[in-house]
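Topology and contacts: notes
As a plain string of letters, each chain reads:
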Amino acid sequence: METSGHFNNKKFFDSENADERSFEERAIDDWVQIPPKRSGKWWFSAVHNVSAMVGAGVLCFPYSMSELGWGPGLTVIILSWIITLYTLWQMVEMHEMVPGKRFDRYHELGQHAFGPKLGLWIVVPQQLVVEVGVDIVYMITGGQSLQKFHDLVCKDCKKIKLTYFIMIFASIHFALSQLPDLNSISGISLAAAVMSLSYSTIAWGASLVHEGDESDVVEYGYKAKSVGGRVLSFFNALGSVAFAYAGHNVVMEIQSTIPSTPQSPSKKPMWKGVIAAYIVVAFCYFPVAIIGYWKFGNAVNEIILVSLDKPVWLIAMANVFVVVHLIGSYQVYAMPVFDMIETVLVKKLSFKPSWYLRFLARNTYVAFTMFIAMTFPFFGGLLGFFGGFAFAPTTYFLPCIIWLVIKKPRKFGLSWFINWICIVVGFTLMVVAGIGGLREIILEAKTYEFYSYSSLFGRNGETVYENRKRERREMGSREKKEH
């Protein structure tokens, strides 16, 4: 990164003497926090990145493995870890690549690469789809985890619809959404990061000691009977894996909170935090995917914790950990959306900055994500569709395109080849995973009843795993009678 001339004028960031904005413009920018407060530390980067990345995605990894198979599944998960770490490094490097300027938002980097208008139209729609999509999926997952906790600790209680649990989860965010910025939720993100490590460990640990019935046979073959079904399920699983590596969409906003000096540019503490986060990600993702699939095979549920019910107290606690983590993760993705909404309202539509404008705008967003989650709680399909359609571009190949445009590496050199490989892989993933996810949503919609008990449970409230066990017992009974 070039630093010459970057910090020669110490008045660049904060001095009013070097600020050509009017008093009114400064007041508006302060309200929407342009530039953001730069008081973050390296561990801010670590906890925010863990909160942004580890979430609903890790819980579906065993299910994704069941649709991918052992070889392709492990290859896809490991390659995604490597590719996304590389593209995340690119974004950290590009944050201050222009002397005297910091790209505090993803779309600002896109505007520098593609032009003010084109860059905005390329980045903002994709980023919004990702961030809103994640918050919708987290609403669903938070509600399902609360429901699982309720059903575990109160087995004799009346069954409660998933809709109500999503509303309970959303009620927390109506309050937390009033916190001003990412710095203000650093404590929540820290708790969320600890929770993600905790419930991931419980998920693979409980799977490891899980003992099924003597009649249970773990099957690893593909569930779909037809070749077309297998291929489309494979595509959907690719999108689910892509969904799990989504931290890039808020990385510029995270780095913007870190102070920068000539001796210690923001990329140093940011990268330190990213490495710490990716170590946690590896520790969470790989054991859950491998052990969960190994123990349950293709009978595993979409969310691994739903397949587990013993020991009851441990699985119940894991679901509480999931809820706490998703509370922090939801806010990490919501904050950039709040920033966009408030900037448009105040700077474009000339609304007067006030607490009630923020209250209405943010609560409207929370209510919107809650309503969509209650209406379409298609966890697996949404994961695959959003993972392919939106996450793949912003995570896998858009940083590479921006790097090629701005950095202009030597044609046919190593950097040029690596970036083009990532672009081809990412674009292919976007197309096929989007198709697979859309097909999964259509299949789930055929049998779904609006605002019903749960999209995860089948006949008599059974999970996929319990359903498979019952079917095997019934088949065994029929065979005995025939003999």
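Since we're looking at a predicted model, the values are computed, not measured. (Residues numbered from 1 in each chain as written. Predicted model: local features only at pLDDT ≥ 70, side-chain atom pairs only at ≥ 80, totals over all residues. Heavy atoms only, no water.)

Some details on the overall build of the chain
Put simply, the test is: Numbering of helices and strands runs from the N terminus; a helix is a DSSP stretch of H or I covering at least four residues, while a strand is a stretch of E covering at least two. Accessible area is worked out with a 1.4 Å probe on protein chains only. A residue is then buried under 20% of its type maximum, exposed over 50%, and partly exposed in between. Contact definition: two residues touch when any of their heavy atoms are within 4.5 Å. Where accessible areas are quoted, they stem from the Shrake-Rupley method and a 1.4 Å probe; at the residue level, only the protein chains shown are allowed to cover.
Within the chain, the regular secondary structure consists of 18 helices and zero strands. When each of the 483 residues of the chain is scored for burial, the buried share is 57%. Partitioning the contacts of the chain with sequence separation of at least 6, the portion at a separation of at least 24 is 85%. Working note: accessible area of the chain is about 21000 Å², and carbon and sulfur atoms make up 67% of it.

Section: the side chain of T375
For the record, the criterion: By the criterion applied in these results, polar contacts are pairs of N or O atoms within 3.5 Å in which, for protein atoms, one can donate a hydrogen and the other can accept it, and in which residues neighboring in sequence qualify only through two side-chain atoms.
Structurally, the position occupied by T375 is in helix α15 (residues 355-375). Looking at T375, its side chain comes within polar contact range of the main-chain oxygen of F371, at 2.7 Å.

Examining the state of the cysteines
Between two cysteines, a covalent bond joining their sulfur atoms is known as a disulfide. Stated precisely, the cut-off is as follows: Here, two cysteine sulfur atoms that lie within 2.5 Å of each other are counted as a disulfide.
What the rule picks out here adds up to one disulfide. Note that C154 is cross-linked by a disulfide to C157, the S-S spacing being 1.3 Å. For C400, which is in no disulfide, the shortest distance to another cysteine sulfur is to C422 and amounts to 4.2 Å. Assessed through its relative accessible area of 6%, C422 is described here as buried.

Description of helix α9 (residues 186-209)
Every α-helix winds through 3.6 residues per turn, so residues three or four apart in the chain are directed the same way. This is how the line gets drawn: By this rule, a helix spans an expected 1.5 Å times one less than how many residues it contains.
Here α9 contains 24 residues, and its C-alpha end-to-end distance of 35 Å stays within 8% of the 34 Å for a straight helix at 1.5 Å per residue. Of the positions making up α9, those classed as buried are S186, S189, A192, A193, M195, S196, Y199, S200, I202, A203, A206 and S207.

Focus on the packing of α9 against helix α14 (residues 312-348)
Worth spelling out the cut-off: Think of each axis as a best-fit line through the C-alpha atoms, taken over the contacting stretch in the case of a helix, with angles from 0 to 180 degrees between the N-to-C directions. In this scheme the handedness of a crossing depends on how the near helix is turned from the far one: anticlockwise by less than a right angle means left-handed, clockwise means right-handed. Any residue outside Ala, Val, Leu, Ile, Met, Phe, Trp, Tyr, Cys, Pro, Asp, Glu, Lys and Arg is labelled polar, Gly included; the first ten of those are nonpolar and the last four are charged.
One way to put it is that α9 packs onto α14 with a least axis distance of 8 Å and a crossing angle of 145°. Crossing handedness for the pair α9 and α14: left-handed. Contacts from I188, S189, A192, A193, M195, S196, S198, Y199, I202 and A206 of α9 reach α14 at L314, I315, M317, A318, F321, V322, V324, H325, I327, G328 and V332. Here the contact of α9 with α14 is composed, by residue class, of 16 nonpolar, five polar and no charged.

Quick word on unusual backbone geometry
Despite not being glycine, S350 has its phi angle at roughly 60°, a positive value. Inspection of the secondary structure puts S350 in the loop between α14 and α15.

A look at the confidence of the model for the chain
Cut-off, in case you're wondering: Known as pLDDT, the predictor's per-residue confidence is scaled from 0 to 100.
In the predicted model, the chain carries a mean pLDDT of 79, and the fraction of residues at 70 or more is 80%. Taken together, the stretch residues 1-18 has pLDDT below 50 and engages in 25 contacts with residues farther than four places along the chain or on a different chain. Counting interchain partners and residues more than four positions distant, the pLDDT-below-50 stretch residues 455-465 has 34 contacts.

Some remarks on a nonpolar patch on the surface
Threshold: To count toward a patch, a residue needs a relative accessible area above 30% and no salt bridge. Like charges then connect within 9 Å, nonpolar side chains (Val, Leu, Ile, Met, Phe, Trp, Tyr) within 5 Å. Should a side-chain nitrogen of Lys or Arg be within 4 Å of a carboxyl oxygen of Asp or Glu, the pair is scored as a salt bridge.
Among the surface-exposed residues, L74, I78, L79, I82 and I290 lie close enough to one another that they form a single nonpolar patch of about 400 Å² accessible area. A total of four residues in the nonpolar patch trace back to one element, the largest contributor, which is helix α5 (residues 70-94). Checked against the element boundaries, I78 lands in helix α5.

Some words on the pattern of salt bridges
Under the definition given, this model contains six salt bridges. The salt bridge involving R102 is made with E96; its shortest N-O contact spans 3.7 Å. We classify R102 as buried; its relative accessible area is 5%. In this structure, the salt-bridge partner of R105 is D339, at a minimum N-O distance of 2.7 Å. Taken together, the positions of R105 in the loop between α5 and α6 (106-114) and D339 in helix α14 put the pair 234 residues apart, joining distant regions of the chain. For R105, a relative accessible area of 9% gives the class buried. Residue classification places D339 among the buried positions, given a relative accessible area of 16%. What emerges from the salt-bridge pattern is a single network uniting R105, E108 and D339.

Describing the packing of α6 against helix α7 (residues 116-153)
Helix-helix packing is described using two parameters, namely the angle between the two axes and the distance between the axes. Where α6 contacts α7, the two axes come as close as 7 Å, and the packing angle between them is 145°. In this structure, α6 crosses over α7, and the sense of that crossing is right-handed. Between α6, through Y106, H107, G110, Q111 and F114, and α7, the contact on the second element is made entirely by P116, L118, G119, L120, I122, V123, V124 and Q127. Classifying every residue of the contact of α6 with α7 gives eight nonpolar, five polar and no charged.

A short note on the environment of F234
Take F234: it is sitting in helix α10 (residues 227-243). For the pair F234 and A433, spaced 199 residues apart in sequence, the C-alpha separation works out to 8.3 Å. Discounting residues that sit within four places of it in the chain, F234 has contacts with E67, L68 and P72.

A few points about the side chain of S145
With respect to the helices and strands, the residue S145 is situated in helix α7. Classification of S145 by relative accessible area gives buried; the value is 3%. Leaving out residues up to four positions away in the same chain, S145 has contacts with N319, V322 and V323.

Section: α6
Three or more residues of α6 are buried, namely Y106, H107, E108, L109, G110 and A113. After α6 finishes, the residue G115 shows a positive phi value of roughly 110°.

What to know about the nonpolar core
Note the threshold: By convention a nonpolar core is built from buried Ala, Val, Leu, Ile, Met, Phe, Trp, Tyr and Cys residues, the set being connected through side-chain atoms within 4.5 Å.
The biggest cluster of nonpolar side chains holds 121 residues, and the ones touching the most others in it are M139, Y245 and Y285. By residue number, the principal contributor to this core is α14, which donates 16 residues. Beyond its immediate chain neighbours, meaning those up to four positions away, Y285 contacts M53, V54, V58, F61, A244 and Y245.

Some words on the packing of aromatic side chains
Rule in force here: Here a Phe, Tyr or Trp ring, Trp counted by its six-membered ring, pairs with any other such ring whose centre lies within 6.5 Å, and the pair is stacked when the planes are under 30 degrees apart, edge-to-face when over 60, and tilted otherwise. A positively charged side chain is recorded as over a ring if its NZ (Lys) or CZ (Arg) lies within 6 Å of the ring centre. The angle to the ring normal must also be within 35 degrees.
Counting across every chain of the model gives 15 aromatic pairs. Ring-pair connections join several aromatic residues into one group, and the members of that group are F412, W416, F417 and W420. Its guanidinium or amino end placed over the ring of W42, K272 lies 4.6 Å from that ring's centre, counting from NZ or CZ. Over the ring of W294 we find K295; its NZ or CZ atom is 5.3 Å from the centre of that ring.

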